Amino acid sequence: MTSIDTETEHQLPLILDEVEVVSVERLSPSFVRIELGGPGLAEFGVDGPVYDLRIKLVFPNDAGLLPSFEGADDSWWDTWLQIPEAERGHMRTYTVRDVRGDGADTRLVVDLVLHPADGEPGPGSTWAERAAPGDRVVVMAPRRGYEYGGIEFAPGTARELLLVADETAVPAVCSILEDLDRGSRGVAFLEVPVTGDARALAAQVAPAGMQVVWLPRDGAPLGGLLDERVRRHLGVDEGDSTVADGDVDPDLWETPAYSSSGEDVDTPVATVGHDLDGLYAWIAGESKVVTGLRRLLVNELGVDRRQVAFMGYWRRGVAMRS
């Protein structure tokens, strides 16, 4: 087992510990639900609803071994990166789908996609396909009482919500829907690989004022259904949001407080042609699809950047780094 122990015992302001698979549930053709538990999760906690909380999982390396983070201090990230890639394991980001129990019985529920749209399974989907109770991974998650971040959903006083996701962001939207104020209104467009996924995942509890529209591709191009339905919803029936590969930022991440491109998100933008002042849009999935939808809302419709969150959860044909 590769170790990244340090000489100084220091409690990190986050949880970085091994957890064990408690249960595995095959939800649908494309999704598996993993329940994780362990003593370290007794200190898990966030201030408020979970919403789209992101955590990181470190999967075993090619030899089936996990790195040890025992005694890790604030330099743990640099130390981990110094370990040869083939030895240090594979880190990926996921959304907490649910939190069950409390204290020492706290369990984190994570839904993983098994069949990526680009046809190249990564370490997370490969591990999930074979996961069984007793398997172990390392989790990085918020420690109660410390600032962690990882939650981007922040609608403020918005009167209407627009939630848009492909399969990689569907667990986040399902969690958001369950945590929403019961008076929330708007629509969620959720694209999944096949009809069987929609049937299996449609049981989340959404407020009565939130319309949830499932869009199974069943062989259709990735993102095409999302683009069509979002444009129709916003009253833009003509055209599409296709962008050139060279115009895609693989690290696309833009929220009311941050822009990966360095753009000024604090400058108001006048709304043009549509009454969208009360809208809050949360859009996540494949970076090229998200980039196109960002241009639709911000460039074509003039939606204020402070009303949107556009997040590239993955980039087709590009290996994720963490």
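Given the structure is predicted, the values throughout are model-derived calculations rather than measurements.

Parameters and conventions
Residues numbered from 1 in each chain as written. Predicted model: local features only at pLDDT ≥ 70, side-chain atom pairs only at ≥ 80, totals over all residues. Heavy atoms only, no water. Helix = DSSP H or I, 4+ residues; strand = E, 2+ residues; numbered from the N terminus. Buried < 20%, exposed > 50% of the residue type's maximum accessible area, 1.4 Å probe, protein only. Contact = heavy atoms within 4.5 Å. Areas by Shrake-Rupley, 256 points an atom, 1.4 Å probe, with all protein chains shown as cover. Phe/Tyr/Trp six-rings, centres within 6.5 Å; stacked < 30°, edge-to-face > 60°. Salt bridge = Lys/Arg side-chain N within 4 Å of Asp/Glu carboxyl O. Pairing = 2+ DSSP bridges. Axes fitted to C-alpha atoms, helices over the stretch in contact; angles between N-to-C directions. Core = buried A, V, L, I, M, F, W, Y, C linked by side-chain atoms within 4.5 Å. Polar contact = N/O pair within 3.5 Å; in protein donor to acceptor, adjacent residues only side chain to side chain.

**Q** I would appreciate a short explanation of the overall build of the protein in the present structure.
**A** Check the secondary structure of the protein and you find 7 helices and 14 strands. Put simply, the protein has 322 residues, and 51% of those count as buried. When contacts within the protein are restricted to residue pairs at least 6 apart in sequence, long-range pairs at least 24 apart make up 78% of them. With an accessible surface of roughly 14600 Å², the protein has 47% of that area assigned to carbon and sulfur atoms.

**Q** It is not clear to me how the packing of aromatic side chains should be interpreted in this structure. Could you clarify?
**A** In this description, an aromatic ring pair is defined by two values, namely the gap between the centres and the angle between the planes. For the structure on display, the rule yields 9 aromatic pairs. Aromatic pair Trp253 and Tyr313: ring centres 5.9 Å apart, planes at 10°, arrangement stacked. With Trp253 in strand β11 (residues 253-255) and Tyr313 in strand β14 (residues 308-314), this residue pair connects regions lying 60 residues apart in the sequence. Ring plane angle 85° and centroid distance 6.3 Å describe the contact between Trp282 and Tyr313, whose orientation is recorded as edge-to-face.

**Q** Sorry if this is basic, but what is going on with the pattern of salt bridges here?
**A** Here the idea is simple: oppositely charged side chains can pair when their charged atoms come close. All chains considered together, the criterion is met by 20 salt bridges. Residue Glu152 pairs with Arg54 through a salt bridge whose shortest N-O separation is 3.4 Å. Residue Glu152 is found in the loop between β7 (136-142) and β8 (160-165), and its partner Arg54 is found in strand β3 (residues 54-59); the two are separated by 98 residues along the sequence. Pair check on accessibility: Glu152 and Arg54 agree, each one buried. In this structure, Asp304 and Arg306 form a salt bridge, with 2.8 Å as the shortest nitrogen-oxygen distance. A relative accessible area of 8% places Asp304 in the buried class.

**Q** I would appreciate a short explanation of unusual backbone geometry in the present structure.
**A** Backbone geometry follows two general trends: most residues other than glycine have a negative phi, and most peptide bonds adopt the trans configuration. Phi is positive for Tyr51, close to 50°, though the residue is something other than glycine. For Tyr51, the location among the structural elements is in the loop between β2 (31-37) and β3. Residue Tyr51 is classed as buried on the basis of its relative accessible area of 18%. Positive phi, close to 45°, is recorded for Asp218, a residue that is not glycine. Residue placement: Asp218 occurs in the loop between β10 (210-216) and α6 (224-233).

**Q** Is there a simple way to explain helix α4 (residues 170-179) in this structure?
**A** For an α-helix, the turn length of 3.6 residues means that residues three or four places apart are oriented alike. Of all the 10 residues making up α4, 8 are buried; the element is thus mostly covered by neighbouring parts of the structure. Of the residues making up α4, those classed as buried are Val170, Pro171, Ala172, Val173, Cys174, Ser175, Ile176 and Leu177.

**Q** I would appreciate a short explanation of the sheet that holds strand β4 (residues 90-95) in the present structure.
**A** The pairing of strands in a sheet happens through backbone hydrogen bonds and is either parallel or antiparallel. The antiparallel open sheet is built from 7 strands, whose spatial order is β4-β3-β7-β1-β2-β6-β5. A strand with exactly one partner marks an edge of an open sheet, and here the two such strands are β4 and β5 (98-100). If you compare each strand with its neighbour and ignore which way they point, the axes differ by 35° on average. In the packing of helix α3 (residues 123-130) onto the sheet, contacts are made with β1 (14-26), β2, β3, β4, β6 (107-113) and β7, and the angle to β4 comes to roughly 80°.

**Q** Would you take a moment to explain the nonpolar core for this structure?
**A** What tends to happen in soluble globular proteins is that the nonpolar side chains get buried as a cluster. One finds Phe153, Leu162, Leu163, Phe189, Trp282, Leu297 and Tyr313 to be the most contacted residues of the largest nonpolar core, which totals 57 residues. Grouped together as the second largest cluster of nonpolar side chains are 25 residues, Leu36, Leu57, Val96 and Ala128 included.

**Q** What's the story with the side chain of Glu286 in this structure? I'm lost.
**A** Summarising the element assignment, Glu286 is placed in strand β13 (residues 279-286). Only 2.8 Å separates the side chain of Glu286 from the backbone nitrogen of Lys288, close enough to count as a polar contact. Leave out the neighbours within four places in its chain, and Glu286 touches Asp166, Leu222, Trp314, Arg315 and Arg316.

**Q** Any chance you could explain the sheet that holds β13 here in plain terms?
**A** Taken together, 7 strands build an open sheet; the order of strands is β10-β9-β8-β13-β14-β11-β12 and the sheet is mixed. The strands lining the two open edges of the sheet, one partner per strand, are β10 and β12 (258-259). Relative to β10, strand β9 (residues 186-192) is paired through 7 bridges, and the arrangement is parallel. Paired with Phe189 across the strands is Val213, a residue of β10. Across the face of the sheet, α6 comes into contact with β8, β9 and β10 while running at roughly 165° to β9. On top of the sheet, helix α7 (residues 287-300) reaches β8, β11, β13 and β14; it is set at about 155° to β13, its chief contact.

**Q** What is the right way to look at the pairing of β2 in this model?
**A** The side chains of a regular strand alternate, first on one face of the sheet and then on the other. Among the 7 residues in β2, 7 count as buried, and that is most of the element. Judged by which residues are buried, β2 turns out to be covered on both faces: Phe31, Arg33, Glu35 and Gly37 on one side and Val32, Ile34 and Leu36 on the other are all buried. Relative to β2, β1 runs antiparallel, the two sharing 6 bridges. Of the residues in β2, the one forming a bridge with Val24 is Ile34. The turn joining β1 and β2, which pair antiparallel and follow one another in sequence, is formed by 4 residues. Sheet topology note: the β2/β6 ladder contains 7 bridges and is antiparallel.

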